Amino acid sequence: MASTLLLTKLNIPARPARLVKREALLAQLNAGLGGRLSLISAPAGYGKTTLVTEWLSQVPGGWHAAWLALDESDNDPVRFLNYLIAALQPVHAGVGQSLAGLLQSEQPPPSEVILTALVNQLAALEKQIILVLDDYHAIETRAIHQQVAFLLDHQPGNLHLVIITRTDPLLPVSRLRARGQALEIRQEQLRFTEQECAALLNDVMGLNLSAQDVAAMERRTEGWIAGLQLAALSMRGQDDLQGFVRAFTGSSRFILDYLMEEVFDRQPAQVQDFLLKSSILERFSASLCNSVAEITNSQEILEALEHANLFIIPLEQSRTWYRYHRLFAELLRSRLRSSSIAEKGLRLRASRWFEANDLPSEAIQQALAGEDWAGAIALLRRVTSGMLKSGEAATLVRWYGALPGDVLRSDAWLCFEYAWPLLLVGEYQTAAPLLEIAERGAASNPAFLGEVFSAQAFLARGAGDHARMLERSQRAMQLLPESSLHSRTLVAINLGLAYWHMGRMVDAVQALNEALHAGRATGNHYAALTAVIFLGRERAVRGELHQAAEYFETALQQGGQMPVNALAHLDLSAVHYEWNNLPLSEAHLQQAIALSRQAQNDEFLLACCMLQSSLRLAQGDPAAASAALESAWALVRSGKIPEASAARLPAAQVRCLLASGARMEAEKWLEKLSQQVDAHNFYRFLGVTKALLLPEPHARAYLHGLAQAAQANGWVYGLVNVRIHQARLAESEDSAREFLLEALQLARPGSLLRSFIDAGAALVPLLRAAARRADLSQDARRFLEAMPAGAHASLPEAQPLVESLSEREIEVLKLVAAGHSNREIAAALVITPGTAKTHIHNLCGKLGVRNRTEAAMRAREMGLV
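Reading the values: the criteria
Residues numbered from 1 in each chain as written. Predicted model: local features only at pLDDT ≥ 70, side-chain atom pairs only at ≥ 80, totals over all residues. Heavy atoms only, no water. Helix = DSSP H or I, 4+ residues; strand = E, 2+ residues; numbered from the N terminus. Buried < 20%, exposed > 50% of the residue type's maximum accessible area, 1.4 Å probe, protein only. Areas by Shrake-Rupley, 256 points an atom, 1.4 Å probe, with all protein chains shown as cover. Lys, Arg positive; Asp, Glu negative; His and termini not counted. Charge placed at Lys NZ, Arg CZ, Asp CG, Glu CD. Phe/Tyr/Trp six-rings, centres within 6.5 Å; stacked < 30°, edge-to-face > 60°. Lys NZ or Arg CZ within 6 Å of the ring centre and 35° of its normal. Pairing = 2+ DSSP bridges. 1 Å grid on protein atoms, 1.4 Å probe; cavity = no way out; pocket = protein on both sides within 12 Å on 5 of 7 lines; lining within 4 Å. Points joined across faces, edges and corners; volume = space filled by probe spheres on them. Core = buried A, V, L, I, M, F, W, Y, C linked by side-chain atoms within 4.5 Å. Salt bridge = Lys/Arg side-chain N within 4 Å of Asp/Glu carboxyl O. pLDDT = per-residue confidence, 0-100. Contact = heavy atoms within 4.5 Å. Axes fitted to C-alpha atoms, helices over the stretch in contact; angles between N-to-C directions. Parallel < 35°, antiparallel > 145°, perpendicular 65-115°, else oblique. Left-handed = near helix turned anticlockwise from the far one by under 90°. Expected span 1.5 Å × (residues − 1). Arc of directions from axis to C-beta.

1. Thoughts on the overall build of the protein chain
Argument step 1. Scanning the protein chain from terminus to terminus reveals 47 helices and eight strands.
Argument step 2. With respect to the three principal axes, the spread of C-alpha positions in the protein chain is 120 × 65 × 50 Å.
Argument step 3. Going through the 865 residues of the protein chain one by one, you find that 55% of them count as buried.
Argument step 4. Accessible surface for the protein chain amounts to roughly 35700 Å². Of this, 51% is attributable to carbon and sulfur atoms.
Argument step 5. With 81 positive and 89 negative side-chain charges, the protein chain shows a spacing of 4 Å between the two charge centroids.

Laid out in structure tokens, this is it:
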């Protein structure tokens with residue numbers, strides 16, 4: 001990327017040879033260094049940039065300045081970050097070098113990760129840095145505003161940010177203002193006073209106006225510096241200066257038009273021609289102007305313009321590159337459009353010069369502006385692959401989107417090339433029809449058709465359509481040559497993920513291993529990292545949690561804070577939850593949430609919310625568990641979650657309701673539960689939760705079917721959970737013991753624990769019986785010891801009833817054991833909630849227990865329910 005950066009954007013503009021001293025404003029800027037931000041905001045022509053360049057030339061206290069001049073081409077988050085890092089390089093050569101390398105990856109880390117590392121590097125420097133962002137109004141991309149806001153929120157004490165803009169930016173300025181951390185200099189402060197008008201008109205411009213004439217010019221321009229400067233240029237050579245001043249009146253637009261006529265028409269014809277032709281260029285050198293204007297003396301003209309102070313600004317001390325004052329450039333372009341000069345020809349010559357001088361971005365922009373579609377397409381094809389790898393998809397979307405629709409649709413390969421950057425920025429609806437055109441155009445070219453199918457598989461994956469993703473991926477692999485490693489990597493990872501989500505673990509491992517090897521061979525770290533994580537998930541599905549954890553730890557070691565490692569943290573949280581290590585589970589979950597938010601990946605965040613609900617229940621906080629699920633539902637309601645992921649949420653909701661004792665409310669969700677979907681990370685394709693709501697005979701039959709599916713596919717983790725619930729609902733003690741025996745044996749290699757705890761107190765009698773067996777004693781006792789305090793220790797092996805229960809109390813006890821609340825029990829038995837509470841109090845006394853939970857367990861132990 002560094003080779004494509006326009007270095008003149010990083011140079012502090014040279015100071016004008018003659019300028020008006022603005023001591024009061026310079027003092028304000030010095031005082032503002034104690035805060036985080038200096039905002040210089042005013043319309044064009046108020047001397048914003050000149051003020052800051054003058055200030056930087058004399059700023060006290062050993063501050064070092066970094067400069068970045070922005071324009072419309074910088075509305076790409078990755079491009080902006082590259083320029084930001086490059087702007088800091090002259091201050092300290094090592095700053096951001098490693099981060100610039102990360103930005104070159106095909107799937108760069110979230111911008112917050114880059115900025116966090118950059119802030120840490122800056123904080124470690126002993127230097128004090130002023131970072132200037134000039135022409136910030138050119139930035140329209142919200143993601144870049146968010147980047148700068150993040151920098152403002154976290155910037156170190158040795159960094160001061162200066163923003164020069166025509167319009168107030170979408171940044172937290174009000175918050176900084178309230179804290180006394182922002183200096184704001186606006187139009188009122190920037191407008192020239194009468195004394196400054198006199199200094200400009202008489203001292204700098206060499207006029208000899210009276211105090212009355214100066215006062216009149218100040219009133220009529222309202223201190224607008226550009227208007228005063230144009231007026232001064234117009235007055236040069238005037239015989240009747242007082243008459244000119246009297247005639248000088250009207251709106252800013254009128255003044256501009258009038259003075260433009262006065263200034264422009266006084267220039268020699270050759271200079272007029274040069275001004276108009278060079279106005280199409282944001283930045284220009286003598287060589288570039290020679291090519292565009294088809295002349296040989298551009299250097300002489302540029303020096304003469306600078307000497308005449310004709311709104312030309314040198315961009316470096318060597319005075320090789322220049323730009324016009326923004327306002328002057330706009331006026332020149334307006335006049336160019338009304339002239340007889342062919343603008344397209346100018347832009348074509350500019351494009352060719354930029355291309356020849358290895359400045360492809362500028363070459364493409366000029367070709368597009370000049371409607372040289374063939375030239376623009378040829379240039380785009382040269383840079384697309386590299387820009388995709390460096391993460392500049394947003395810029396490519398803007399460039400390809402500038403091509404006419406008929407030009408795009410006439411070229412199948414062009415549609416395909418445009419589709420990839422669209423896919424990478426998530427614009428699936430725009431990409432889909434382009435890929436259909438590409439598919440029709442590739443019908444006779446198997447290799448090209450394979451490439452199209454690989455892109456369609458990526459699209460299907462993004463849309464959550466796993467069946468189509470699988471079908472497109474399989475067809476792509478059949479057509480792509482073995483030499484197409486990059487495309488085969490993408491297809492292999494798509495296949496691996498599709499197979500995993502479908503529960504086809506053998507096929508998933510084969511595809512994921514191919515993706516891992518191809519990703520490493522091609523340098524596609526994101527694909528290789530994804531493969532490592534899902535290979536770990538495959539181990540977890542098979543109940544091998546220790547091996548799975550090794551994969552997830554490897555991903556974190558190799559990928560650091562890359563976005564996909566949100567899944568590695570999430571899965572490690574799930575593993576440690578199963579091992580009942582709740583503090584470590586919490587730590588990884590918070591990391592997963594942070595990375596998901598930084599990556600703005602709502603699908604990852606949804607999975608985090610579901611696991612967070614389970615963790616909060618285990619921590620004894622049902623209100624927080626419900627709040628986590630409400631956050632999950634909010635994500636689903638946003639419409640950004642694929643249907644397949646959203647379908648997992650009802651199962652999480654049911655688990656939370658049952659754990660909170662709201663069975664009747666949970667039963668309302670029964671129809672939304674599926675046999676193929678569950679909330680758990682490692683058996684999401686096996687709907688165990690539904691069995692918790694079905695009547696016992698139906699639940700037993702349902703679980704039998706799930707057990708067969710789990711055995712057939714090697715889903716050991718899921719099979720353990722199925723066997724646990726089969727033991728809980730078994731018709732006989734012998735069957736219960738057999739189911740529990742298998743669950744304990746299957747759980748042993750992976751040290752599964754939480755699956756037994758979460759099944760509830762109904763397992764306690766079964767576990768106690770298992771604890772008496774020599775071969776199962778150690779496992780069973782481990783589970784009993786992990787049960788919540790009071791859930792089993794207070795339950796004697798065989799304790800007679802203190803007093804027999806009445807029929808009504810047995811009815812109440814059955815409803816308590818089923819998980820109903822007092823209000824639900826009252827409604828079912830047509831009694832008041834107070835009466836229901838009295839019955840529960842009485843039966844707890846008769847059972848010799850302390851609360852309704854222990855009452856339910858005691859009743860099951862004694863065979864009362």
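2. Section: the packing of aromatic side chains
Any pair of aromatic rings gets described here by the distance separating the centres and the angle formed by the planes.
Argument step 1. All told, the structure shown has 14 aromatic pairs when counted by the stated rule.
Argument step 2. Ring centres 5.7 Å apart and planes at 80° place the aromatic pair phenylalanine 416 and phenylalanine 448 in the edge-to-face group. Of this pair, phenylalanine 416 sits in helix 23 (residues 412-424) while phenylalanine 448 is found in helix 25 (residues 446-463), placing the two residues 32 residues apart along the sequence. The pair phenylalanine 416 / phenylalanine 448 is uniform in exposure class, with both members buried.
Argument step 3. Ring geometry for tyrosine 683 and tyrosine 717: centres 5.9 Å apart, planes at 40°, overall tilted. Of this pair, tyrosine 683 sits in the loop between helix 37 (663-667) and helix 38 (696-713) while tyrosine 717 sits in helix 39 (residues 716-729), and the two are 34 residues apart along the sequence.
Argument step 4. One aromatic cluster is present, built from ring pairs that chain together Trp500, Phe534, Phe685 and Trp715.
Argument step 5. Arginine 537 extends its terminal NZ or CZ atom over the ring of tryptophan 500, reaching a point 5.2 Å from the ring centre.
Argument step 6. If you follow arginine 537 out to its NZ or CZ, it ends over the ring of phenylalanine 534, 4.9 Å from the centre.

3. Topic: the sheet that holds strand 6 (residues 284-285)
Argument step 1. Spatial strand order, 6-8-7: three strands in an open sheet with antiparallel pairing. Each edge of the sheet is formed by a strand with only one pairing partner; in this case those strands are strand 6 and strand 7 (312-314).
Argument step 2. Inspection of the sheet shows strand 6 paired to strand 8 (residues 321-324) by two bridges, in the antiparallel sense. Looking at strand 8, one finds that serine 285 is bridged to tryptophan 321.

4. Quick word on empty space enclosed by the protein
Argument step 1. Tallied over the entire structure, the rule returns four cavities of 30 Å³ or more.
Argument step 2. When its volume is computed, the second largest cavity comes out at roughly 40 Å³.
Argument step 3. Thr8, Asn11, Pro13, Trp67, Ala69, Asp134, Arg283, Leu315 and Arg323 together form the lining of the second largest cavity.

5. Thoughts on the nonpolar core
Argument step 1. In this structure, Leu133, Met235, Tyr324 and Phe756 are the most contacted members of the largest nonpolar core, which totals 263 residues.
Argument step 2. It is helix 29 (residues 525-541) that contributes the most residues to this core, 10 residues altogether.

6. Description of the side chain of glutamate 362
Argument step 1. In this fold, glutamate 362 is placed in helix 19 (residues 360-369).
Argument step 2. With no salt bridge to any partner, buried glutamate 362 finds its closest opposite charge in arginine 79, at an N-O distance of 4.5 Å.

7. What about the confidence of the model for the protein chain?
Argument step 1. Scored by pLDDT, the protein chain comes out at a mean of 87, with 92% of its residues at no less than 70.
Argument step 2. Here residues 790-799 is a poorly scored stretch, pLDDT under 50, and it has 24 contacts once near neighbours within four places are set aside; other chains count.

8. Here's the deal with the pattern of salt bridges
Argument step 1. Summed over the entire model, instances satisfying the criterion amount to 44 salt bridges.
Argument step 2. A salt bridge links glutamate 371 to lysine 344; its shortest N-O distance comes to 2.8 Å. Taken together, the positions of glutamate 371 in the loop between helix 19 and helix 20 (373-389) and lysine 344 in helix 18 (residues 343-356) put the pair 27 residues apart, joining distant regions of the chain.
Argument step 3. With relative accessibility at 43%, the residue glutamate 371 sits in the partly exposed group.
Argument step 4. One salt bridge connects glutamate 586 with arginine 616, and the closest N-O pair in it is separated by 2.6 Å. Of the two residues, glutamate 586 sits in helix 32 (residues 582-598) while arginine 616 sits in helix 33 (residues 602-618), which places them 30 residues apart along the sequence. The pair glutamate 586 / arginine 616 is uniform in exposure class, with both members buried.

9. So, the packing of helix 29 against helix 30 (residues 545-559)
Argument step 1. For the pair helix 29 and helix 30, interaxial distance at closest approach is 7 Å and the crossing angle is 165°. Overall, the two elements helix 29 and helix 30 adopt an arrangement that is roughly antiparallel. For the crossing formed where helix 29 meets helix 30, the hand is left-handed. Judged by residue contacts, Leu529, Val532, Ile533, Leu535, Gly536, Arg537, Arg539 and Ala540 of helix 29 engage Leu545, Gln547, Ala548, Tyr551, Phe552, Thr554, Ala555, Gln558 and Gly559 from helix 30.

10. A closer look at helix 18
Argument step 1. The end-to-end C-alpha distance of helix 18, which contains 14 residues, comes to 20 Å, matching closely the 20 Å that a straight helix rising 1.5 Å per residue would cover.
Argument step 2. All of the buried residues along helix 18 are Leu346, Arg347, Ala350, Ser351, Trp353 and Phe354. Summarising the axial view, the buried residues of helix 18 lie within an arc of 165°, below the 170-degree limit, and thus occupy one face. Facing away from the buried surface of helix 18 by more than 90 degrees, the exposed residues are Arg352 and Ala356.
Argument step 3. Just downstream of helix 18, aspartate 358 is the residue with a positive phi angle, here 60°.

11. Let's talk about the sheet that holds strand 1 (residues 37-41)
Argument step 1. With parallel pairing, the five strands of this open sheet are ordered in space as 2-3-4-1-5. Two strands lie at the open edges of the sheet, namely strand 2 (63-69) and strand 5 (182-186), each paired on one side alone. Along the sheet, successive strands turn relative to each other by an average axial angle of 15°, direction set aside.
Argument step 2. As defined by bridge partners, strand 3 (residues 128-134) adjoins strand 4 (residues 159-165) across five bridges and the pair is classed as parallel. Across the sheet, residue valine 132 finds its bridge partner in strand 4, namely valine 162.
Argument step 3. Of the strands in this sheet, strand 1, strand 2, strand 3 and strand 4 touch helix 2 (residues 48-56), which is tilted by about 155° from strand 4.

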